[in-house]
Every structure is written in structure tokens, then in C-alpha cells.
Amino acid sequence: MPGGICRGVGVGGHISGGGYGPLSRRYGLISDHLYGVEVVTVGRDGSTNLTVATRDGPHRDLWWAHTGGGGGNFGIVTRFLLRSPGSDGSDPATALPAPPRAVLTTRLTLPVTTEDSFLRFMRNYLEFFSVHRNPGNRFAGLYAPISFRPTLTGFGEMLILQTADEPDARARVEEFIATVTEGVFPGPVIRPLTEQSYPDTVANTYYAGAPSDRRVKTKAAYCGSPTRPNNSAFSTAISSPPPPSANRKSNSCRSAVLSTRSRPIPRPHRRATRS
């Protein structure tokens, strides 16, 4: 499933919050695989009821509310029923997507650079995912979030994950890096590719689980019809909100994540995100 990284959110918060993860460009949001919920609700008279709400059955509105509305807002969920669209549930082995055999990983560090070079880098990045946005495209197995930190050692860092099941997986990573770094000076520092199993990648690379007092703000774009950025509209494309018609849960666009970190804050005030 498209699992996330924030352990404090837990599976309940991840599913009901419409969570995403490194497999979301291929398999969508975790809520896309939520077939039903068993929820304890409270009536006007204070009585409790155990309700089963499903995607194609009774109480569909209650099921829909748990595909992004957040946990605890509509009742107490006692069970999540997971089944991918297109599966009838008769065979548990095919009810959900199979995880990749292994994942290729590398990191790209962008040194402090000029404004023009930075805009070129971001334009390359956004245009790449605008071109390769449709379901089943060649780069559906590639996930590349960017983190920007106001430091002197590395202005931006990109974690690149590519499922290794494809025979030309390494070539796809090299093609992606060449595309996003074209015309960028000084050039980024790129670490050698490594290959691990998917569980090891999540545990050791995607989210190592080290303690942190930092607040993380994540900006994700999972939209229906992205506008391909160009020279004149670039600033507008990255700062304006999506049009009302944009569908958050559509599989037609699974773009990457932009994240920023602020200074450390005390643990009692730490808030988890649905990532």
C-alpha cells in the first residue's frame, strides 16, 4: 500500500487522512484502496451504533468521509477494510498491490546557486512531472521529494527513489537526473545509487526514524489537470492555489513533494502531518 513515514500519525490517521507515500505515483493515495470502515457512531440521544460503510454499499457518505476527512471526526473506527479498485476481494493475494521487489535510491544536493539557475532547476523539475503525469507512464515508479533548507552547505536536497522491478530502472534514474539538472550551474552533488528491499528503504532511507524536534511543513500536489509551467507563468504556477476543479484524489497527476523545515520546537508542541 502507499504507506507514509510519520509514525505518530499511525495507520488510522494515515488512511483516514488520505495519506500518500513513495508508491503513490503508481498506486494513488492510501484512501484509494479503502473499501470500507467499521465505525462506532453516536446518535442524537447518546446511543451508540456500529456501522459498516463501504465504497459500493450502504452508508457510502460515511465511507467517503474517511477517505481524507481525518480520523475521529465522524466516529471511532474499529476496522479498516482494504481492497483496491477493480478487486472483488475473492482472492486476498490480489486484493492489494504487490510491493516492489527492491528500490533504487540516491540523493541529489543542490548547492547555493543563482536565482536564474534555481528557477531553471525548479522549471525542469515541474515540467518533468507535468510530462510524466499520466497513470502507467514510464516514470510512475519514481518518487523524488525536494527539501529546502536555508543553510550554506546545501540549499536543496532531493531524495530519489525508483522501483527496481523495471529492467531499465537505473537508466530511468539517470534520465531523470539529466533532465532536472540541465542548464543548472553549479551542478548538483549526486550520491551513488544503492539498492535495497522496499521495507529496508522505508526504514533506513526514506525515513530513518531518528529523533527530531523539528516541525515539518509539507506541500504536496496530487491534482487532476496540472498546468505545464512556462517562463512567464512559472512564479504563478508555484504560488497560486489549484483551480476549484482540481481533483485531489485523481490518479492523473502524482507530482512530488516540496517540504521545508523550521527551527527546532519543544516536543509537546510537535504536530504530525499526514505524510
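Throughout this document, residue positions are counted from 1 along each chain, in the order its sequence is written. With the structure being a predicted model, the display of local features is reserved for residues of pLDDT at least 70 and the display and counting of side-chain atom pairs for 80 or more, all residues being used for whole-chain, interface and lining totals. The side-chain figures draw on all heavy atoms in the structure; neither hydrogens nor water molecules are used.

Draft legend 1. Highlighting empty space enclosed by the protein. Both site types are read off a 1 Å grid over the protein atoms alone. A 1.4 Å probe that fits but cannot get out defines a cavity, while an open set with protein on both sides within 12 Å along at least five of seven lines defines a pocket; lining residues have an atom within 4 Å of a point. Grid points are joined across faces, edges and corners, and a volume is the space filled by probe spheres set on the points. A complete count under the given rule lists one cavity of 30 Å³ or more for this structure. If you add up the space inside the largest cavity, you get close to 40 Å³. In this structure, the largest cavity is lined by P22, L23, V103, G141, L161, T163 and Y198. Of the residues contributing to the lining of the largest cavity, the split by class is five nonpolar, two polar and no charged. Gly is placed with the polar residues, together with every amino acid not listed as nonpolar (Ala, Val, Leu, Ile, Met, Phe, Trp, Tyr, Cys and Pro) or charged (Asp, Glu, Lys and Arg).

Draft legend 2. Looking closely at the side chain of T106. Going along the chain from the N terminus, every DSSP run of H or I of four or more residues is numbered as a helix, and every run of E of two or more is numbered as a strand. Its location among the elements puts T106 in strand β4 (residues 103–110). Summary of the burial criterion: residues with accessible area below 20% of their type's maximum are buried, those above 50% are exposed, and those between are partly exposed, where the area comes from a 1.4 Å probe applied to protein chains only. In this structure T106 comes out as buried when scored by relative accessible area, which is 3%. Ignoring any residue separated from it by four or fewer positions in sequence, one finds T106 in contact with M158, L159, I160, V173, I177, I190, R191, P192 and L193. Here, residues are in contact when the closest pair of their heavy atoms is within 4.5 Å.

Draft legend 3. Here's a closer look at the side chain of R172. By the element assignment, R172 lies in helix α5 (residues 169–180). Each polar contact in these results corresponds to two N or O atoms within 3.5 Å; when the atoms are within protein, one needs to be able to donate a hydrogen and the other to accept it, and residues that are neighboring in sequence are counted only if both atoms are side-chain atoms. Side-chain polar atoms of R172 contact the side chain of D168, separated by 2.9 Å. Those residues in contact with R172, other than ones at most four positions away along the chain, are R138, F139, Q162 and E166.

Draft legend 4. How the structure looks around helix α6 (residues 198–206). When α6 is considered as a whole, its buried residues turn out to be Y198, T201, T205 and Y206. Down the axis of α6, the buried side of the element spans an arc of 70 degrees, and every buried residue falls inside it. Here the arc refers to the directions that run from the helix axis out to each C-beta atom.

Draft legend 5. A look at unusual backbone geometry. With an omega of -5 degrees, the peptide bond between F185 and P186 qualifies as cis. Checked against the element boundaries, P186 lands in the loop between α5 and β8 (189–190). With a phi angle near 60 degrees, H59 is a residue other than glycine that sits in the positive phi range. Within the element layout of this structure, H59 appears in the loop between β2 (48–54) and α3 (60–65). For H59, a relative accessible area of 45% corresponds to the partly exposed category.

Draft legend 6. The arrangement of the nonpolar core in detail. Within the largest apolar cluster, 19 residues are counted, with the highest numbers of intra-cluster contacts made by F121, Y125, M158, I160 and F176. Looking at this core, the elements that each hand over two or more residues are β4, α4 (115–131), β6 (146–148), β7 (156–163) and α5. Looking at this core element by element, the count peaks at five residues for α4. When near neighbours in sequence (up to four residues on either side) are disregarded, F176 contacts Y125, F128, F129, F139, L142, A144, M158 and I160. One finds Y20, L23, Y198 and Y206 within the second-largest nonpolar core, a separate group that totals 10 residues. For the purposes of this section, nonpolar cores are sets of buried Ala, Val, Leu, Ile, Met, Phe, Trp, Tyr and Cys residues that join through side-chain atoms within 4.5 Å.

Draft legend 7. Here's a closer look at the pattern of salt bridges. Only one rule defines a salt bridge in this text: a Lys or Arg side-chain nitrogen within 4 Å of an Asp or Glu carboxyl oxygen. All told, the structure shown has seven salt bridges when counted by the stated rule. Residues R26 and E166 are paired through a salt bridge, measuring 2.6 Å at the closest nitrogen-oxygen approach. Here R26 is found in helix α2 (residues 24–27), whereas its partner E166 is found in the loop between β7 and α5, with 140 residues between them in sequence. For R26, a relative accessible area of 34% corresponds to the partly exposed category. Residues D165 and R101 are paired through a salt bridge, measuring 3.9 Å at the closest nitrogen-oxygen approach. Of this pair, D165 sits in the loop between β7 and α5 while R101 sits in the loop between β3 (76–82) and β4, and the two are 64 residues apart along the sequence. Taking the relative accessible area as the measure of exposure, D165 reaches 40% and is therefore partly exposed.

By themselves these figures say nothing about function.
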